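# Analysis of the macromolecular model
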Amino acid sequence: MTVTATESGAPESGAPARTAPSEAGSPFAPALLAERARALADHPEEWVHRVRLDPQGRWYERVHQDADHEIWLISWLPGQSTGFHDHGGSAGAFAVALGTLEEHRVHDRREVGAGQVRSFGPDHVHDVRNTSDAPAVSVHVYSPPLSTMRRYDLDAGGELVRLAAESADDW
C-alpha cells in the first residue's frame, strides 16, 4: 500500500472495499478496517519517517481522512496509555506495527504485538497501553471518521463510569 500526497498535501492511499452501512452509519465493517490497518502497518517504510516519540504523552498524526474513514499513526513510549474510552459511534481497528501494546477491557486484557490487529464495533470501550519496556507504533482506522470520544473510569465495583466527552475540535 502506498501513501501518497493528494493535491492538498494530505497523505492518501487506496480506500478499502465498502460494505453496507452498519447501525452506526459506518461504511466499512470492522474486518475491512482491520485489513486497512494491517496493510499500512506492514509497510513502515512509507510512514516511519513521520513518527515522533514524545515523553510528555502519546504522539499521533492523522495521515488520511475522507468522508468515509480516517487513519492515524500513534507512537507509545513505555507507560503511555489512552485511558478507557469509546470512539463515539465509529467502528475501528488498530494494528501494531512496532513493539507491543495491551488492550484492556473491563474484564479482559490481551497483548497485541507487532503484526497483530484488533478490530471493533461502535460500542467498544477499551484502554490501550504500552506496558512493555520499549516504544511501540500502531496504525488506527476509524469509520466514519471520529467526531467524538467519551472517556470513562472504573468505579470501586469495576464498572465503567462516564467522565467526559471530547469532540474532534479537541484533537
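Here is what the cut-offs are and how they apply
- Numbers given for residues are sequential positions, taken from 1 along each chain in its written order.
- Residues qualify for local features only when their pLDDT is at least 70, as the model is predicted, and side-chain atom pairs are given and counted only at 80 or more; totals for whole chains, interfaces and linings, by contrast, use all residues.
- Side-chain metrics rest on all non-hydrogen atoms present in the structure, leaving aside hydrogens and water.
- Only DSSP runs of H or I reaching four residues or more are called helices, and only runs of E reaching two or more are called strands; each is numbered from the N terminus.
- A helix is expected to reach a length of 1.5 Å times the quantity of its residues less one.
- Categorising residues by exposure relies on relative accessible area from a 1.4 Å probe, with only protein chains included: less than 20% of the type maximum marks a residue as buried, more than 50% marks it as exposed, and the intermediate range marks it as partly exposed.
- The contact definition used throughout considers only heavy atoms, calling two residues in contact when any of these lie within 4.5 Å.
- Any Lys or Arg side-chain nitrogen found within 4 Å of a carboxyl oxygen on Asp or Glu counts as a salt bridge.
- At least two DSSP bridges between two strands are required for those strands to pair.
- The angle between two axes is taken between their N-to-C directions and runs from 0 to 180 degrees, where each axis is a line fitted to C-alpha atoms and a helix contributes only its stretch in contact.
- We call Phe, Tyr and Trp rings a pair once their centres come within 6.5 Å, taking the six-membered ring for Trp, and we label the pair stacked below 30 degrees between planes, edge-to-face above 60, and tilted otherwise.
- Any Lys NZ or Arg CZ found within 6 Å of a ring centre and within 35 degrees of that ring's normal is scored as a charge over the ring.

### Digging into helix H1 (residues 30-41)
- Counted at 1.5 Å a residue, the expected span for H1 with its 12 residues is 16 Å, and the 16 Å between its end C-alpha atoms agrees.
- Burial in H1 covers these residues: Leu32, Leu33, Ala34, Arg36, Ala37, Leu40 and Ala41.
- Contact partners of the buried residues in H1: strand E3 (59-65), strand E4 (70-76), strand E5 (91-98), strand E8 (117-120) and strand E10 (136-143).

### As for the pattern of salt bridges
- Following the criterion strictly, the structure yields 7 salt bridges and no others.
- Among the salt bridges present, the one from Arg118 reaches Glu103, with a minimum N-O distance of 2.5 Å. With Arg118 in strand E8 and Glu103 in strand E6 (residues 100-105), the pair connects residues that are 15 residues apart, well separated along the chain. Accessibility classification places Arg118 together with Glu103 in one group, the buried group.
- Of the charged contacts, one joins Arg151 and Glu166 as a salt bridge, the two residues approaching to 3.1 Å between their closest N and O atoms. Residue Arg151 is located in strand E11 (residues 148-154), and its partner Glu166 is located in strand E12 (residues 160-167); the two are separated by 15 residues in the primary sequence.

### Overview of the side chain of His126
- Among the secondary structure elements, His126 is positioned in the loop between E8 and strand E9 (127-129).
- Residue classification places His126 among the buried residues on the basis of a relative accessible area of 2%.

### Here's the deal with the sheet that holds strand E7 (residues 108-113)
- Read from one edge of the open sheet, 3 strands run E7-E6-E9, paired in antiparallel fashion. The sheet is open, and its two borders are formed by E7 and E9, each paired with just one other strand. With direction set aside, neighbouring strand axes in the sheet form an average angle of 20 degrees.
- Note: E6 against E9, 3 bridges, orientation antiparallel. Along E9, the bridge assignment pairs Glu103 with Val128.

### Overview of the packing of aromatic side chains
- With the rule as written, the count across this model stands at 1 aromatic pair.
- One cation-aromatic arrangement involves Arg58 over Trp76; the distance from NZ or CZ to the ring centre is 5.3 Å.

### Section: the sheet that holds E3
- Across the sheet, 5 strands lie side by side as E3-E4-E10-E5-E8; this open sheet has antiparallel pairing. Pairing within the sheet leaves two strands with one partner each, and these edge strands are E3 and E8. The sheet shows a mean angle of 15 degrees between the axes of neighbouring strands, direction not considered.
- Examined bridge by bridge, E5 and E10 share 7 bridges and lie antiparallel to one another. Across the sheet, the residue bridging to Leu98 is Val137, located in E10.

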